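The chain contents come next:
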Amino acid sequence: MSYNLKEEVQKSERFSGGHRMCAGCGAPVAVRSVLRALKPEDKAVVCSATSCLEVSTFLYPYTAWKDSFIHSAFENAAATISGVETAYNVLKKRGKIDENYKFIAFGGDGGTYDIGFQSLSGAMERGHDMVYVCYDNEAYMNTGIQRSSSTPHFSDTTTSPAGKVIPGKKQVKKDLTKVIAAHNVPYVAQTTFIGNFKDISEKAHKAIYTPGPAFLNIMAPCPRGWRYPSEDLMEITKAAVETCVWPLFEVIDGKWILNYTPKKKLPVEEYLKKQGRFSHMFKKGNEWMIEAYQAEIDRKWEDLLFNCSRG
């Protein structure tokens, strides 16, 4: 795919404004970027797990979705969209449908890393021609900012409160992109919002138009849960990439490809200091937390470089 920013922004929106998502939220940016990758002549069926995204974009009788939309339960978005894809194939085989449809599921990290992982893993293993998109905001934001398995180490949430008893979340973040890559599906990618959206746009197009199951993991910050000013969304994601907290890579038919290497890998403080959920890490006596976090990121970065070097 050749990316042309001017052409991309001139495409008709398939996700309308006027929804009720928070200002500075990454989820609607992720959705718009993915849906814009669809060819104008193609139709889509979109499924969303129960989440901030769902409750804020589909309040009957109002909807922000211009394609066919299904709200599934928290745990089964992948199963729902895989069932729709199967039904479509049957109807097309019988000559009852002529149009080309694409099948896309969206879920937050709670409905993807945790509650919906079983249905996601099953859909990937069965080989449905679908795309599952996780907009990863690293906690159960819709129900009160509780920790999930995607929540980073030491993050302050309502169920992992930083204080005298615990230093925030005690466990490290699950590497779901790597887990899905182990399913040996045709396309897996990790991305977020940087620059002119070239990376996310190209990966969304590949995911949608690669035959078989595809998975996109998109860092989508939450201003309430991460505690940053709404206007700092792009700064947060840029810092995540430049510190290698959230590397940009893809796995195509088992081949690991690194899409971006920082010219100068920044220390993790440049990412952590922008968010209130990590503010306790900068208090006197808590230097060990930053050191431990840096060591984790360095280890994961070296592991990624190794995987990519093997081709």
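Provided above is the structure to which this section pertains.
Because the structure is predicted, anything quoted here is derived from the model rather than measured.

Participant: An account of the overall build of the chain is needed here, citing residue identities and associated values.
Facilitator: Summing up its helical and strand segments, the chain has 12 helices and 10 strands in all. By the compact-globule yardstick of 19 Å for 311 residues, the chain fits well, its C-alpha radius of gyration being 19 Å. Scored against the burial criterion, the 311 residues of the chain give a buried share of 54%. Long-range pairs, those at least 24 residues apart, make up 69% of the contacts in the chain with a sequence separation of at least 6. As presented, the chain carries roughly 14000 Å² of accessible surface, and 53% of it is formed by carbon and sulfur atoms. Measuring between centres, the 40 positive side-chain charges of the chain sit 1 Å from its 35 negative side-chain charges.

Participant: I'd like a rundown of the nonpolar core, residues and numbers included.
Facilitator: Ranked by size, the top nonpolar core spans 88 residues in total, and within it F106, Y132, Y271 and Y293 carry the most contacts. Considering each element in turn, this core owes the most residues, 7 residues, to helix α12 (residues 287–309). Setting aside chain neighbours within four positions, we find F106 in contact with V31, V34, L35, V46, C47, S48, A49, L53, W65, A77, Y132 and V133.

Participant: Please set out the state of the cysteines residue by residue, giving values where relevant.
Facilitator: Within this structure, the stated rule accounts for 0 disulfides. The thiol of C22 is not disulfide-bonded; the next cysteine sulfur, from C25, is found 6.3 Å away. Here C25 stays unpaired: no disulfide links it, and the sulfur of C222, its closest cysteine neighbor, is 6.2 Å away.

Rules behind the numbers
Residues numbered from 1 in each chain as written. Predicted model: local features only at pLDDT ≥ 70, side-chain atom pairs only at ≥ 80, totals over all residues. Heavy atoms only, no water. Helix = DSSP H or I, 4+ residues; strand = E, 2+ residues; numbered from the N terminus. Rg over C-alpha atoms; globule rule 2.2 N^0.38 Å. Buried < 20%, exposed > 50% of the residue type's maximum accessible area, 1.4 Å probe, protein only. Contact = heavy atoms within 4.5 Å. Areas by Shrake-Rupley, 256 points an atom, 1.4 Å probe, with all protein chains shown as cover. Lys, Arg positive; Asp, Glu negative; His and termini not counted. Charge placed at Lys NZ, Arg CZ, Asp CG, Glu CD. Core = buried A, V, L, I, M, F, W, Y, C linked by side-chain atoms within 4.5 Å. Disulfide = S-S within 2.5 Å.

By themselves these figures say nothing about function.
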